[in-house]
Amino acid sequence: TGKNLLMTVYKGNFDYPYEFFVSDKYVYYVRSKEEVGSSIVQINLETKKSKIIKNFTITAFIEKINGEDIYYVSHRDDFDTELRVLNLNTLKDSFIAGDVGDVQFGKSRIIYMNYRTDVSSRPLHAIGYDYKNSIIISKSAMQYIVNNGKIYFAETKLKKSPVDGEYRGDMYNSIIYVCNEDGSNKKALTGNINAYISKITPNEIEFMPENQSKYYRMNLKTKKTVEIKPSFI
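A brief report on the enclosed structure follows. Within every chain, residues take consecutive numbers counted from 1 along the sequence as written. Local features in this predicted model are restricted to residues of pLDDT 70 or higher, and side-chain atom pairs are both shown and tallied only at a pLDDT of 80 or more, whereas totals for entire chains, interfaces and linings draw on every residue. To get the side-chain values, all heavy atoms of the structure are used, and hydrogens and water are removed first.

Right, let's talk about a nonpolar patch on the surface for a bit. Exposure above 30% relative accessible area and no salt bridge define the residues that can form patches, which grow by joining like charges within 9 Å and nonpolar side chains of Val, Leu, Ile, Met, Phe, Trp and Tyr within 5 Å. Note that accessible areas follow from Shrake-Rupley with a 1.4 Å probe, and for residues the cover is restricted to the protein chains shown. By definition, a salt bridge exists where a carboxyl oxygen of Asp or Glu is found within 4 Å of a side-chain nitrogen of Lys or Arg. A contiguous nonpolar surface patch, about 410 Å² in accessible area, is contributed by Tyr10, Tyr16, Phe20 and Val22. Judged by its relative accessible area of 36%, tyrosine 10 falls in the partly exposed class. Summary of the burial criterion: residues with accessible area below 20% of their type's maximum are buried, those above 50% are exposed, and those between are partly exposed, where the area comes from a 1.4 Å probe applied to protein chains only.

On to the sheet that holds strand S19 (residues 225–228), then. Pairing within the open sheet is antiparallel, and its four strands lie in the order S16-S17-S18-S19. The open sheet terminates on both sides in strands that have one partner only, identified here as strand S16 (196–200) and S19. Strand after strand, the sheet turns through a mean of 30 degrees between neighbouring axes, direction not considered. Strands qualify as paired when DSSP identifies two bridges or more between them. We count a stretch as a helix when DSSP gives it H or I for four or more residues in a row; a strand needs E for two or more, and each element gets its number in order from the N terminus. As defined by bridge partners, strand S18 (residues 215–219) adjoins S19 across four bridges and the pair is classed as antiparallel. For tyrosine 215, the partnering residue across the bridge sits in S19 and is isoleucine 228. Axis lines are fitted through C-alpha atoms, for helices just across the contact stretch, and the angle between N-to-C directions can take any value from 0 to 180 degrees.

The next subject is the pattern of salt bridges. Taken as a whole and judged by the stated rule, the model has eight salt bridges. Two residues, glutamate 82 and arginine 84, come together in a salt bridge whose shortest N-O distance is 2.8 Å. One exposure class covers both glutamate 82 and arginine 84, and it is buried. A salt bridge links glutamate 204 to arginine 217, with the shortest nitrogen-to-oxygen separation between them at 3.4 Å. With glutamate 204 in strand S17 (residues 204–208) and arginine 217 in strand S18, the pair connects residues that are 13 residues apart, well separated along the chain.

Here's what the structure looks like:
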């Protein structure tokens, strides 16, 4: 409580941490340095002392801390990513899934999209907390959120490229769906939306047409659509 300085974490000898994870007893963050690697660091809030939990020769990002488990994504390069879990008691480090980008943690499953370096559709997956039996929720999703046991996602239409014959998602052509975390009871919440979906919540979406001249918000229940100033500006 109050506004007194508790401690200074960043001292300039490493890249500034992206996120801090704080409990009543500890602070966790990742200390990284280009061409050196990363370290998961724990700070004891009572003693103010830091210790390194694990060192990596690659880049790592903490996604979530759940009890004694640290979930993190490791990056060997732009196209070699893994979701892993490190137990703080045993220091056992377990593989969960490969080619992982965005990750969210639901009630019964971990939901993740494949990694990408551009704005394009990707497969959307769900895997149980036993880290077995991954399933595909959507072959071509743009955005998604997990909320109260449900997955809300924008699914694009796959189009065959005349250049290389590969099927790719049309980012300006999506339908919003909702389903359970195991993929069951999938239903459409909208018709086809000829726009890029920039934000999804359980109650509304924000989107912009291809020319990006205007931005809109749609209520998913009433389908009422209004022009807005986008939240990401």
